[in-house]
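Reading the structure
Below, each chain spelled out in residue letters.
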Amino acid sequence: FQDITHPDDLESDLAHIGVLLAGKIDSYRMKKRYFRKDGNAVWVMLSVSLVRDVDGRPKHFVSQIEDISAMVEAQRSLELASRSLEQTQHLLEASQYAAQVGGWEWDIGLNTLFWTNETYRIHDLSPGEFSPSVDSAIEFYTPESVQVLTAALQLAQSEGTPYDLELEIVSARGRHVWVRTTGSVTQVHGRVIKIGGAIQDITERKHAEQWQLHYSHVLALISNETALKDVLVALALFVEQWAVTAKCCILLMAPDDAHLVLGASPSLPGYFAESVDNIEIGQNGGACGMAALNRAPVMVEDIETCEGMLPKWRELANKAGLRAVWSVPVFSSERRVVGTFAVYHVEPWAPNHTDEDLLARSAALAALAIERARHQEAQRLARTVFEANVEGVMVTSPDDRILTVNRAFENLTGYRVDEAIGNTSAKLLDSGHHGEAFWSQINEQLVQGGRWEGEVWSRRKNGEVYPIQMSIADVRDDAGIMTQRISIMSDISMQKVQAARIEQLAFYDSLTGLPNRALFLDRLENTLAAAERRGDRGAILFMDLDRFKEINDSKGHAIGDLALAETARRFLTVTRKEETLARLGGDEFVLIAEGADQRSAALIAARLLATLSEPLVLMGVAHTIGTSIGIAFYPDDGKTSEELIKHTDIAMYRAKAGGGGYRFYQAEMSTELEKHLGIAHRLGPAMEANQLQLYYQPKISLTTKKLVGAEALLRWHDPELGWISPAVFVPVAEQRGMMGPLGDWVLRESCRQLKEWQTLGFKLPGRLSINVSVQQIEDPEILGRMLEIVHAAGGVPQWLELELTESSMMSNPEHAVEIMTFLAAAGFGLSIDDFGTGYSSLSYLKRFSADEIKIDISFVRNMLSNKNDYAIVNAIIAMAQSLGMSTTAEGVELEGQAEALRGMGCQIAQGFLYSRPVAANEFAEKWLQPPIP
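In what follows, the accompanying structure is described. The structure presented is a predicted model; accordingly, all values stated were derived computationally and were not measured. (Residues numbered from 1 in each chain as written. Predicted model: local features only at pLDDT ≥ 70, side-chain atom pairs only at ≥ 80, totals over all residues. Heavy atoms only, no water.)

**With respect to the overall build of the chain**
Under the convention used in this document: Only DSSP runs of H or I reaching four residues or more are called helices, and only runs of E reaching two or more are called strands; each is numbered from the N terminus. The globule rule is 2.2 Å times the number of residues to the power 0.38, and the radius of gyration it is compared with is taken over C-alpha atoms. Accessibility here uses a 1.4 Å probe with only protein chains present; expressed as a share of the type maximum, an area under 20% marks a residue as buried, one over 50% as exposed, and anything in between as partly exposed.
In terms of regular secondary structure, the chain is built from 33 helices and 35 strands. By the compact-globule yardstick of 30 Å for 933 residues, the chain is too spread out, its C-alpha radius of gyration being 39 Å. Its C-alpha atoms give the chain principal-axis dimensions of about 120 × 115 × 65 Å. Within the chain, the proportion of its 933 residues that are buried is 45%.

Next up, the structure:
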């Protein structure tokens, strides 16, 4: 026994035997090593039981040995693989983030569930606020999805079966999200030990599919003459199911054209629905009344704070628990307002592009339903007035001879009664569009059931072919023999037109008439499938307009829409018949060029660029606009529509960053994008981990040469990447919409440092300057949040000077004037940074409540050697003096520059001549007044 047991396991084995002999246990089981005859050690699972005689004395042992070497080796391999996995985890996270696909893994033995960061994001969670487990993860799924997922997991465990499912979850924020989730198993010796897979957000695709089914359903309701209220309820319920917190209300124009009456409101409280029934068009009618009056959408993001909302509507909304309302007018085909389509929310809500698009499409469908309903009502009135002669009625004999027709038949076919009677219906009405098999099938149904109903192409007397809805019934005698056949016919040309209009709304952009995203994706899928079969290649060109946002923001959406329509028209003029041009949304266009190579794709791009070389003349005003184009080829750059669109998008952003024009996609662009995303991924946690720092550069009086203030400049030191330049991470923050949180951090840290210096007895003369971005200026809550941060730090606005660039203010100058007035009134100092590099609009400069102008470094650097720069600096200083503003020169590095600036009347300078930006401690020691003993 001792000879074959590994020395390291002998002591444990003997201890177990001792416990067994002492009677404390009846058996034991342990993992140990034995030596084989050849001297090699083998891992075994040893099971030992003690058999006793009738007197309870130990008699003998019964042992069972199982070779588990393979299992031990597998576990060791798994441990090595796990360590290797940790080394590549950060690369996996980056790739998943770029592809928007999350990963997960369930260790069945340990019953632990691992999520990647992208999986948390899909669930609207962050890794720190939730610890996933199988039970807690399943709770996110809807009851129907739980059943499907549970069955799939059970099969995976019992049979090792992988799965690929599309399920619905409810995220932590209450969003209904459709996901595609896959699962595959890891087995050891035929036993499943882990299940892992991926999860991807497919909500956008699901929404497109749901809309497709919805519009087909509504089309069927309209075509089947369903009651208008039922059609409107179906429209409202679909929007409410799409946006979970939404409550819809559809109002119809009253006959007096001065009031709106309730059409459908399936979820709003009864008293609220009664209040909006028969309301006036105008301000007294709330959001819906104003939408009908102004013939334009009314988007109230927060009823509580909306100044134009009358008290009675605010009180009614509060009672109903409603905080936001979006209302759009419903237009007839003649552009008459026939109603409004409104969506209410239980919390403040700003509509995004998807919300606006859904509302616009739903309103368009409502318009079709209302028009169709009114057309049906007109038909019923006509039948009453003209003795039910709206539908054509024809009575024929068994041999198809026409016996009689009504007046509506005359109107429908053009044949007079005397021309019709005696002729066969086939001779008069057969259009030639249907073969003998079609008529034989109808006759067979009539023989069997006595009735037939369907669509038929008929022919009028003038030869015009048109569609009719035809109902045929046989009249039989007592013996069951057919004596007459009655045919009722109605012209359904209008229904066909309406069906085409609905298809137009579903698949074409209402503004430009181009194919929309849904139709483009369908055509692209067909193009790729055909190209794969034939071995063809082609190009996808993705166009994003340059400077469109400036027009849209400064001139309004109406002018922006005109710009988009004119751009689409120009693009169409150079688009060939075999090319597909579409508008994806916003200012994004895309073109499919089948069979195009690099040379021909470049020529297409050049044609598109040339169309915008001339300014757009909109409402009599010329506007310059351009486009940036990204180009990818199939199958070289991608075999699926998702890959190609993603890669053209990447190439387009490269073109835009280069100042416009076009760029071909290259694989390294994706690598740079991953680097860009990596910076963005690290920046948020860096603010919480104190990796960001503020450095301080002194501002010096050119007259006294003493400190008169300082500027706080942001720096970032990453533990792995080292120092990251602001020139790298600030553009990333701007593109990712992170400048708001980043600006809040700078303001908070600046106030904290100022308070700390005061506590230590240091005094900073003048104000501390911090930079404010365009994203912060565009935030309507900027003033309240800044005051809250300053007061929370125990400070006052008078400590700080806010530096705003010309470009940030001129993106929306009217808004900037308003915001700067509020900031100045609150006590903040204001400075216009980088002056001279932007618009330099004097008309707005005199309206900005600025205290200071900062002369950009690009002019100061060469002012002693370049007479133009010297003149510009002199002019800026003179202009500032005339407006009562002080001037600060940036980038002063030479004493000669300082002397020249002082001679021009410039008051303050900062630059390397005095000091580089330094850390807070070093700045305090060198520049601040020391504490009083």
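Structure shown, so let's carry the discussion forward.
**Observations regarding the pairing of strand β26 (residues 661-664)**
The line we're drawing: Pairing between strands is defined by DSSP: at least two bridges between the two strands are required. A crossover counts as right-handed when, viewed with the strands pointing away from the observer, the path leading from the first strand over the helix to the second turns clockwise.
Examined bridge by bridge, strand β25 (residues 626-634) and β26 share four bridges and lie parallel to one another. Residue pairing across strands places G630 opposite R663, the latter belonging to β26. Handedness of the crossover joining β25 and β26 through helix α21 (residues 641-657): left-handed.

**Some thoughts on unusual backbone geometry**
That bond from Y634 to P635 is cis: its omega, 5 degrees, falls within 30 degrees of zero. Counting through the fold element by element, P635 comes out in the loop between β25 and α21. Backbone geometry at K705 places phi at a positive 60 degrees, although glycine is not the residue there.

**Some points on the pattern of salt bridges**
Selection criterion: Put simply, a salt bridge is a Lys or Arg side-chain nitrogen that is within 4 Å of an Asp or Glu carboxyl oxygen.
Applying the stated criterion across every chain, the model contains 30 salt bridges. A salt bridge links E105 to K194; the shortest N-O distance between them is 3.7 Å. Taken as a pair, E105 in strand β4 (residues 101-107) and K194 in strand β8 (residues 191-201) lie far apart in primary sequence, 89 residues in all. E749 is paired through a salt bridge with R752; the nearest N and O atoms lie 2.7 Å apart. With E749 and R752 both in helix α24 (residues 739-760) and three residues apart, the pair spans about one turn of that helix. Overall, E749 belongs to the buried group, its relative accessible area being 18%. Look at the salt bridges and you will find they share partners, linking R416, D418, E419 and K461 into a network.

**Concerning the packing of aromatic side chains**
Test applied: Stacked, edge-to-face and tilted labels apply to pairs of Phe, Tyr and Trp rings (six-membered ring for Trp) whose centres lie within 6.5 Å, assigned for plane angles under 30 degrees, over 60, and everything in between, in that order.
According to the stated counting rule, one finds 14 aromatic pairs in the structure shown. Taken together, a centroid distance of 5.7 Å and an interplanar angle of 25 degrees make the contact between W757 and F923 stacked. Here F923 lies in helix α33 (residues 920-927) and W757 lies in helix α24, a separation of 166 residues in the sequence. A connected cluster of aromatic rings, assembled from ring pairs, spans W115, Y120, F130 and F140.

**Comments concerning the environment of I540**
By the element assignment, I540 lies in strand β20 (residues 538-546). I540 sits 203 residues away from V337 along the chain, and the two C-alpha atoms are 40 Å apart.

**With respect to the pairing of strand β6 (residues 163-170)**
Taken together, the eight bridges between β6 and strand β7 (residues 176-188) define a ladder with antiparallel strand orientation. Across the sheet, residue E166 finds its bridge partner in β7, namely R180.

**Some details on the nonpolar core**
Rules: Among buried residues, the Ala, Val, Leu, Ile, Met, Phe, Trp, Tyr and Cys ones that are joined through side-chain atoms within 4.5 Å form a nonpolar core. By definition, residues are in contact when any of their heavy atoms lie within 4.5 Å.
By size, the foremost hydrophobic cluster in this structure holds 75 residues, and its most contacted members are L692, L742, W757, L800, L802, L901 and F923. Counting residues per element, this core draws most heavily on α24, at eight residues. Beyond its immediate chain neighbours, meaning those up to four positions away, L802 contacts I770, V772, M786, L823, F828, G829, L830 and S831. By size, the runner-up hydrophobic cluster in this structure holds 36 residues, among which are W211, L221, L359 and L519.

**So, helix α18 (residues 548-555)**
Think of an α-helix as turning once every 3.6 residues; residues three or four places apart then point the same way. To keep it simple, the criterion reads: Arc definition: directions from the helix axis to the C-beta atoms.
All buried positions along α18 are accounted for by F548, I551 and N552. Down the axis of α18, the smallest arc covering the buried residues is 95 degrees, so these residues share one side. Where α18 is buried, its residues contact β20, α19 (557-573) and β24 (621-623). Just past α18, the residue G556 takes up positive phi, approximately 105 degrees.

**With respect to the sheet that holds strand β15 (residues 392-396)**
This is how the line gets drawn: Every axis corresponds to a line fitted to the C-alpha atoms, with the helix fit spanning only the stretch in contact, and the corresponding angles, defined between N-to-C directions, vary from 0 to 180 degrees.
Spatially, the five strands line up as an open sheet ordered β16-β15-β19-β18-β17, and their pairing is antiparallel. A strand with exactly one partner marks an edge of an open sheet, and here the two such strands are β16 (402-405) and β17 (451-459). The average angle at which neighbouring strand axes cross in this sheet is 25 degrees, direction not considered. As judged from the five bridges shared by β15 and strand β19 (residues 482-491), these two strands associate in the antiparallel manner. The partner of V393 across the bridge, within β19, is I488.

**So, the sheet that holds strand β1 (residues 27-35)**
Spatial ordering of the open sheet is given by β1-β2-β3, a layout of three strands whose pairing is antiparallel. Across the chains shown, the open sheet's two edge strands, defined by having one partner strand only, are β1 and β3 (58-67). When the angles between neighbouring strand axes are averaged without regard to direction, this sheet yields 30 degrees. As paired elements, β1 and strand β2 (residues 41-52) share nine bridges and run antiparallel to each other. When the sheet's bridge partners are listed, S27 is paired in β2 with S49. The strands touched by helix α1 (residues 7-21) are β1, β2 and β3; relative to β1, the strand with the most contacts, the crossing angle is about 155 degrees.

**Quick notes on a nonpolar patch on the surface**
Threshold: The patch calculation keeps residues exceeding 30% relative accessible area without a salt bridge and links them within 9 Å when they carry like charges or within 5 Å when they are nonpolar (Val, Leu, Ile, Met, Phe, Trp, Tyr). All accessible-area figures derive from a Shrake-Rupley calculation using a 1.4 Å probe, and residue coverage is judged against the displayed protein chains alone.
Side chains of V475, I486 and I488 sit close together on the surface and give an oily, nonpolar patch of about 180 Å² of accessible area. Judged by relative accessible area, I486 falls into the partly exposed class, the value being 30%.

**A look at a negative patch on the surface**
Where we set the bar: Positive charges are assigned to Lys and Arg, negative charges to Asp and Glu, while His and the chain termini are left out of the count. Where a charge lies is defined by one atom per residue type, namely NZ (Lys), CZ (Arg), CG (Asp) and CD (Glu).
Together, D522, E525, E642 and E643 line one region of the surface with negative charge. When you line up the elements, D522 lands in helix α17 (residues 517-534). Its relative accessible area of 41% is what places D522 among the partly exposed residues.

**Digging into the environment of Q441**
Of note, Q441 is situated in helix α15 (residues 436-449). Given a relative accessible area of 47%, Q441 falls into the partly exposed group. Placed 293 residues apart in sequence, Q441 and V148 show a C-alpha to C-alpha distance of 44 Å.

**Notes on the packing of α24 against helix α26 (residues 782-792)**
Selection criterion: Here the word oblique covers every angle except those under 35 degrees (roughly parallel), over 145 (roughly antiparallel) and from 65 to 115 (roughly perpendicular). In this scheme the handedness of a crossing depends on how the near helix is turned from the far one: anticlockwise by less than a right angle means left-handed, clockwise means right-handed. Each residue gets one label: Ala, Val, Leu, Ile, Met, Phe, Trp, Tyr, Cys and Pro are nonpolar, Asp, Glu, Lys and Arg are charged, and the others, such as Gly, are polar.
Contact pair α24 / α26: the axes reach a minimum separation of 9 Å and the direction vectors enclose 30 degrees. Here α24 lies roughly parallel to α26, going by the angle between them. Both α24 and α26 take part in a crossing whose hand is right-handed. Where α24 abuts α26, its residues D744, L747, R748 and C751 lie against R785, M786, I789 and V790. The class makeup of the residues in the contact of α24 with α26 is five nonpolar, no polar and three charged.

**Regarding the state of the cysteines**
Heads up, the rule is: Disulfide assignment relies on a single distance test, namely cysteine sulfur atoms paired within 2.5 Å.
On inspection of all chains with the given rule, the structure shows zero disulfides. Left without a disulfide partner, C249 is nearest to the cysteine sulfur of C288, which lies 5.7 Å away.

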